[in-house]
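Chain by chain, the residues run as shown.
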Amino acid sequence: MSKKGETIISAGIDVGTSTTKLIISRLSLLNVAGISHVPRIEIVDKEVLYKSPVYRTPLLDDITIDTKKVEEIIKHEYEMAKILPNMIETGAVIITGEAATKNNASEMVHHLSKEAGEFLVATAGPDLEGIIAAKGSGVFQQSKGNKQVRANVDIGGGTANIAVYQQETLVGTCTLHVGGRLIEFSGNKIISISPPIQRLLQQRNILLQVGDSRDKREVDEVINILVDTLYRMLKNELTDSDKPLLLGERPNWDMPIDVVTFSGGVSECMYHLETVKSNAQYNDIGLMLAEKMQRSTIFEDFIVEPPLETVRATVLGAGMQTTEISGATIQIDSSKLPLKNVPIINHDFQQQMEKGLQLLPKTFEQAKRIFDTVQTESNFALSLTNIPYVKFREIQLLAELIKKLMDERNHPTLPIILVVESDIAKVLGQSLIAMDVQQPVICIDQIHVETGDYIDIGKALKSDVVPVVVKTLTFHSSNQ
């Protein structure tokens, strides 16, 4: 790669409970290693080229997203940005909050990723959403170089997604049904109460229903409960009575939080940072929830810092923070790229080559059981982590074992996809090719993934590197 480097165009599209928005950005790549070192290509600069207005997410009914209308929004905004889908080289379409519980959520987000760009990947799930929002709001970057434990609380229309960081390390996530659109109004009447709030009302014996006045005392009572539950979550003191508002697992960090930052649409009601015109109209509890939070003990018991972005934190994270670069020592069959939604199975060598080789067949059996079924022709990627410093002969032994195991798959002609943290991807891939493997070989490096992740690998760029997005594809049911 030249000293000048290379640029790629990235798109981020966020379809949320309340709002839909888009961002186009330019990512600059550069070889940051010295002349005599193994090349290391990194993203060294990120520039926002275009921000869309904030649109109200179009719905056909309470349980179905209007995919056609969302497509029309994206097409219009691409035209405004003077961008064609084939110009998009990386980025993400994400579906967030309560929108991820809609009937056609999974179908819609995968469809959009095909329509909006050849390598625009589909992703969802509250944990990943919280992580992406923490990067878009600035919390991830602000955690660098200090020991303070920082929580980003991204509150949208249906959920509050929390990601907790210390020194750029993710130490925990949690998601609550706390959001601005959980109760909606038309004029002075309640027209919608979300299922989590209905469960809460039943548990607490609170009498509130569709048709009641928006000024009814019980509305205020519910908002107080939302704020109190959020406070207990931040203190890691949730109780059984909080279960109706808990989406997924309880908080999984074991250290007290020092600094709290709010992002998301409800945060915009608090800070009013938005400068781009919004096409969304709100008639819900969002403003009341924001006001209650600002007067709550959260602002007394924690250091509360404003975000760099509010309502756009997630879409900025999706468009600018999801892409990694693999390219130091890769071996790829370009004819097989791009690849999308490849599940990961991780094999940890634990710095012990001999033991790692002995246990590799067991990992393969697990992968075959989960992914490589006789009925479905689906591939998986093998992630190799914590490999010790190895000699060429040991890499050959590894390649021989991988070749043998790959040939035993139910669908042995599928490409061999390997993800290696260390810089041995090229020699490992070339060793496989030298053994006359019958399958295409795609072996990439410098990427950290875990079992349960999915990976997308884009087409090779001019500098012989590939953009990679690691993600978790999870669509939660609204009855959780």
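Named according to an unreviewed UniProt entry, the chain is Ethanolamine ammonia-lyase reactivating factor EutA originating from Candidatus Pseudogracilibacillus intestinigallinarum.

Right, let's get into the overall build of the chain. A count of helical and extended segments in the chain gives 13 helices and 22 strands. The buried share among the 480 residues of the chain stands at 56%. Expressed as a percentage of contacts within the chain between residues at least 6 apart in sequence, the contacts between residues at least 24 apart total 72%. When the accessible surface of the chain is totalled, it reaches about 20,800 Å², and 49% of it is carbon and sulfur.

As a further point, take unusual backbone geometry. When glycine is set aside, most residues are seen to have a negative phi, and most peptide bonds are trans. Residue P338 is bonded to the preceding L337 through a cis peptide linkage, with omega at 5°. With respect to the element layout, P338 can be found in the loop between β16 (323-326) and β17 (339-348). In the Ramachandran plot, N236 falls in the positive-phi region, its phi being about 60° despite a non-glycine side chain. Along the chain, N236 falls in the loop between α6 (217-234) and β14 (259-263).

This paragraph deals with the pattern of salt bridges. This model, assessed by the stated rule, comprises 15 salt bridges. When the shortest N-O distance is used, the salt bridge between R217 and E221 registers 3.5 Å. Taken together, the residues R217 and E221, both in helix α6 and four residues apart, mark about one turn of the helix. On the basis of relative accessibility, which here comes to 57%, the residue R217 falls in the exposed class. A salt bridge links R232 to D242; the shortest N-O distance between them is 2.6 Å. Taken together, the residues R232 in helix α6 and D242 in the loop between α6 and β14 connect sequence positions 10 residues apart. Look at R232 and you get partly exposed, because its relative accessible area is 22%.

Turning our eyes to something else, we now look at the sheet that holds β14. If you trace the five strands from one edge of the open sheet to the other, you get β11-β10-β9-β14-β15, paired in mixed fashion. Either end of the sheet is taken by a strand with one partner, and the two such strands are β11 (169-176) and β15 (303-304). Strand direction decides the pairing type here: strand β9 (residues 150-155) and β14, joined by five bridges, are parallel. Across the sheet, the residue bridging to A151 is V260, located in β14.

Under the definition given, this model contains four aromatic pairs. Their ring planes at 70° and their centres at 6.3 Å tell us that Y231 and F302 sit as a pair that is edge-to-face. With a gap of 71 residues between them, Y231 in helix α6 and F302 in the loop between α9 (298-301) and β15 connect regions that are remote in the sequence. Judged by its relative accessible area of 18%, Y231 is buried. Here K135 stacks its cationic end above the ring of F140, 5.1 Å away from the centre of that ring.

The next thing to look at is the side chain of T20. In this structure, T20 sits in strand β2 (residues 19-31). Note on T20: relative accessible area 1%, which makes it buried. Polar contacts involving the side chain of T20 include one to the side chain of T57, which spans 2.9 Å. When neighbours within four sequence positions are excluded, T20 is seen to be in contact with D14, V15, P53, V54, Y55, T57 and P58.

For the rest of this paragraph, the subject is helix α5 (residues 195-204). Among all positions in α5, only P196, I197, L200 and L201 are buried. Each buried residue of α5 sits inside an arc of 140° when the element is viewed along its axis, so together they form one side. Lining the buried residues of α5 we find β12 (183-186), β13 (189-193) and α6. At the C-terminal side of α5, N205 shows a positive phi close to 55°.

Turning our eyes to something else, we now look at the confidence of the model for the chain. Segments scoring low in pLDDT should not have their predicted coordinates read at a detailed level. Within the chain, residue pLDDT values average 84, and 85% of them lie at 70 or more. The secondary-structure element of the chain with the lowest mean pLDDT is strand β8 (residues 121-124), recorded at 58, while α6 shows the highest, at 97. Confidence drops under a pLDDT of 50 for residues 473-480, and excluding neighbours within four residues, the segment shows 26 contacts in the predicted structure.

The next thing to look at is the packing of helix α12 (residues 392-407) against helix α13 (residues 425-434). For the pair α12 and α13, interaxial distance at closest approach is 9 Å and the crossing angle is 55°. Relative to α13, the element α12 is oriented oblique. For the pair α12 and α13, the crossing hand works out as right-handed. On the side of α12, the interface is formed by F392, I395, Q396, L398, A399, I402 and K403, while α13 contributes V427, L428, S431 and L432. Across the contact of α12 with α13, the residue classes tally to eight nonpolar, two polar and one charged.

Turning our attention to the environment of D333. With respect to the element layout, D333 can be found in the loop between β16 and β17. Distance from D333 to K459, taken between C-alpha atoms, is 9.9 Å for residues 126 residues apart in sequence. Leaving out residues up to four positions away in the same chain, D333 has contacts with P440, V441 and I442.

Okay, the environment of D61 next. Relative to the helices and strands, D61 resides in strand β5 (residues 59-61). The class for D61 is partly exposed, based on a relative accessible area of 37%. Along the sequence, D61 and K102 sit 41 residues apart, while their C-alpha atoms lie 9.7 Å from each other. Looking at D61, its side chain comes within polar contact range of the main-chain nitrogen of T64, at 3.0 Å.

Rules of the game
Residues numbered from 1 in each chain as written. Predicted model: local features only at pLDDT ≥ 70, side-chain atom pairs only at ≥ 80, totals over all residues. Heavy atoms only, no water. Helix = DSSP H or I, 4+ residues; strand = E, 2+ residues; numbered from the N terminus. Buried < 20%, exposed > 50% of the residue type's maximum accessible area, 1.4 Å probe, protein only. Contact = heavy atoms within 4.5 Å. Areas by Shrake-Rupley, 256 points an atom, 1.4 Å probe, with all protein chains shown as cover. Salt bridge = Lys/Arg side-chain N within 4 Å of Asp/Glu carboxyl O. Pairing = 2+ DSSP bridges. Phe/Tyr/Trp six-rings, centres within 6.5 Å; stacked < 30°, edge-to-face > 60°. Lys NZ or Arg CZ within 6 Å of the ring centre and 35° of its normal. Polar contact = N/O pair within 3.5 Å; in protein donor to acceptor, adjacent residues only side chain to side chain. Arc of directions from axis to C-beta. pLDDT = per-residue confidence, 0-100. Axes fitted to C-alpha atoms, helices over the stretch in contact; angles between N-to-C directions. Parallel < 35°, antiparallel > 145°, perpendicular 65-115°, else oblique. Left-handed = near helix turned anticlockwise from the far one by under 90°. Nonpolar A, V, L, I, M, F, W, Y, C, P; charged D, E, K, R; others polar.

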